[in-house]
Amino acid sequence: MRVGIPRETAAGERRVALVPESVSKLIAIGLDVAVERGAGAAASFPDAAYADAGAQLVDSALEAEIVVKVVQPSADEVAILNTGAVLIGFLAPLTDREGIERLERAGVIAFAMESIPRITRAQPMDALSSQATVSGYKAVLIAADRLPRFFPMLMTAAGTVAPAKVLVLGAGVAGLQAIATARRLGAVVSGFDVRPVVKEQVESLGATFLELSVRGEETEGGYAKELTPEQQKQQQAELAERISGFDAVITTALIPGRPAPRLIPASAVEAMRPGSVIVDLAAEAGGNCELTTPGEVTVEHGVTIVGLTNLPSTMPYHASQLYSRNVVALLQHLVDGELKLDWSDEITAGACVAGKQEVVA
């Protein structure tokens, strides 16, 4: 059975679904690996590295029995997939129903990486977390680059420079990575999350937990439960009073398939110091900031608001490496010498978004 790794064709996508270091692991479980020529070039993985690892270089990898991508395939790509083929990738099952229905009609068995159950034994397959790690790290670098001041405190012959004050909203994987990175760069960091349970994690990274009166609960998947409209208004009001004291704000509040909660109203942006920066990691879902323009960097009231999307693709080497390891873990779960789809298994059934077979009792 052959695994095909096509070149990503979506605009701006530089990641690749499998890196050379993972080829031997797939060969070890009885799979052949076919990589489309140039698939890894944008992520700094040359064809020669794949060939040296034991992969076959091909002109098209979409005809393989198992096809692994980063983002969902286009209609033209779906037309090439074989009936009965297995497809793995970020398939946006909650927001791209047309794409999922297209895969159903094509007879493809599709596994969405964002649908992997958030259970202990599935952690090695958790691509949402691995890519959020990249986003949180890159968000801080963007904030440091856009901010017209140093992050760390500096003691120079010309006097002492005070450190930047950074606020991270949301203490999931991306938020915690952002906190850790900002701390490494020397900023004074505060973190906030409506889930009181994460306070200890925030403080363990050397940040101060921002105390607000709004409290929320955690879902089984580890996300924050949606606040009531009254709680949202109260949260916005309290954050608006506190945000003006920070030089950079990084927002990470995002639940897959839902509009991003609005944390920062326009009035809070207006109250911030000129030159301040907001990096909105929820821009793809509308943004945590009321003034965020998805996909763009704008300046409002002297504040730079970064609404860039798909930040993992801007660090394609390590983003691909982490994603590749997630993919290998899933394939090791699905393949044992041959493809074995156990529909009674929580991971297999939970991640399948097209072509799922009903379990016969």
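Procedures and definitions
Residues numbered from 1 in each chain as written. Predicted model: local features only at pLDDT ≥ 70, side-chain atom pairs only at ≥ 80, totals over all residues. Heavy atoms only, no water. Helix = DSSP H or I, 4+ residues; strand = E, 2+ residues; numbered from the N terminus. Pairing = 2+ DSSP bridges. Contact = heavy atoms within 4.5 Å. Axes fitted to C-alpha atoms, helices over the stretch in contact; angles between N-to-C directions. Core = buried A, V, L, I, M, F, W, Y, C linked by side-chain atoms within 4.5 Å. Buried < 20%, exposed > 50% of the residue type's maximum accessible area, 1.4 Å probe, protein only. Left-handed = near helix turned anticlockwise from the far one by under 90°. Nonpolar A, V, L, I, M, F, W, Y, C, P; charged D, E, K, R; others polar. Phe/Tyr/Trp six-rings, centres within 6.5 Å; stacked < 30°, edge-to-face > 60°.

A. Highlighting unusual backbone geometry. Located in the positive-phi region is Ala92, a residue other than glycine, with phi close to 50°. Tracing the backbone through its elements, the reader meets Ala92 in the loop between strand E5 (86-90) and helix H4 (97-105). The phi angle at Asn310 is positive, at roughly 55°, despite the residue not being glycine. Tracing the backbone shows Asn310 in the loop between strand E15 (303-306) and helix H10 (316-334).

B. Region of interest: the sheet that holds strand E10 (residues 188-192). The 7 strands are arranged E11-E10-E9-E12-E13-E15-E14 in an open sheet whose pairing can be described as mixed. Pairing within the sheet leaves two strands with one partner each, and these edge strands are strand E11 (208-209) and strand E14 (297-300). This element, helix H5 (residues 127-146), spans strand E12 (248-251), strand E13 (277-280), E14 and E15 of the sheet and lies at about 155° to E13.

C. Main features of the nonpolar core. Formed by 43 residues in total, the largest nonpolar core has its most connected members in Leu26, Val68, Ile88, Phe111 and Leu330. Put simply, the parts of the chain that give this core at least two residues each are strand E1 (2-5), helix H1 (20-28), strand E2 (32-36), strand E4 (66-71), E5, strand E6 (109-112), H10 and helix H11 (346-351). If one sorts the elements of this core by residue count, H10 sits on top with 7 residues. For Leu330, the residues in contact, after removing those within four places along its chain, are Ile88, Phe111, Met113, Ile116, Met125 and Ile347.

D. The sheet that holds E5, seen in detail. Strand order in the open sheet formed by 7 strands is E3-E2-E1-E4-E5-E6-E18, and the pairing between neighbours is mixed. In this open sheet, the two edge strands, each paired with only one partner strand, are strand E3 (56-58) and strand E18 (352-354). The mean inter-strand angle of the sheet, taken between neighbouring strand axes irrespective of direction, is 30°. Across 4 bridges, the pairing between E5 and E6 is parallel. The residue of E6 that forms the bridge with Leu87 is Ala110. Its contacts with the sheet place H4 against E5, E6 and E18, and it is angled at close to 80° to E18.

E. Region of interest: the packing of H5 against helix H6 (residues 173-184). Two numbers describe how H5 lies on H6: the axes approach to 7 Å, and their chain directions differ by 35°. Regarding H5 and H6, the two cross each other, and that crossing is right-handed. Taking contact as the criterion, the partners of Ser129, Ala132, Thr133, Gly136, Tyr137 and Val140 in H5 are, on H6, Val173, Ala174, Gln177, Ala178, Thr181 and Ala182. Its residues placed into classes, the contact of H5 with H6 shows 7 nonpolar, 5 polar and no charged.

F. Region of interest: the packing of aromatic side chains. A complete count under the given rule lists 3 aromatic pairs for this structure. Residues Phe45 and Tyr317 carry aromatic rings whose centres are separated by 4.5 Å and whose planes lie at 15° to one another, so their mutual orientation is stacked. With Phe45 in the loop between E2 and helix H2 (47-53) and Tyr317 in helix H10, this pair connects stretches of sequence that are 272 residues apart. Residue classification places Phe45 among the buried positions, given a relative accessible area of 7%. Judged by centre distance (6.2 Å) and plane angle (5°), the ring pair of Phe111 and Trp343 falls under stacked. Taken together, the residues span a long stretch of sequence, with Phe111 in strand E6 and Trp343 in the loop between strand E17 (338-339) and H11 at a distance of 232 residues. Of the two residues, Phe111 and Trp343, neither departs from the other in class, the shared state being buried.

Honestly, it's all geometry; don't read function into it.
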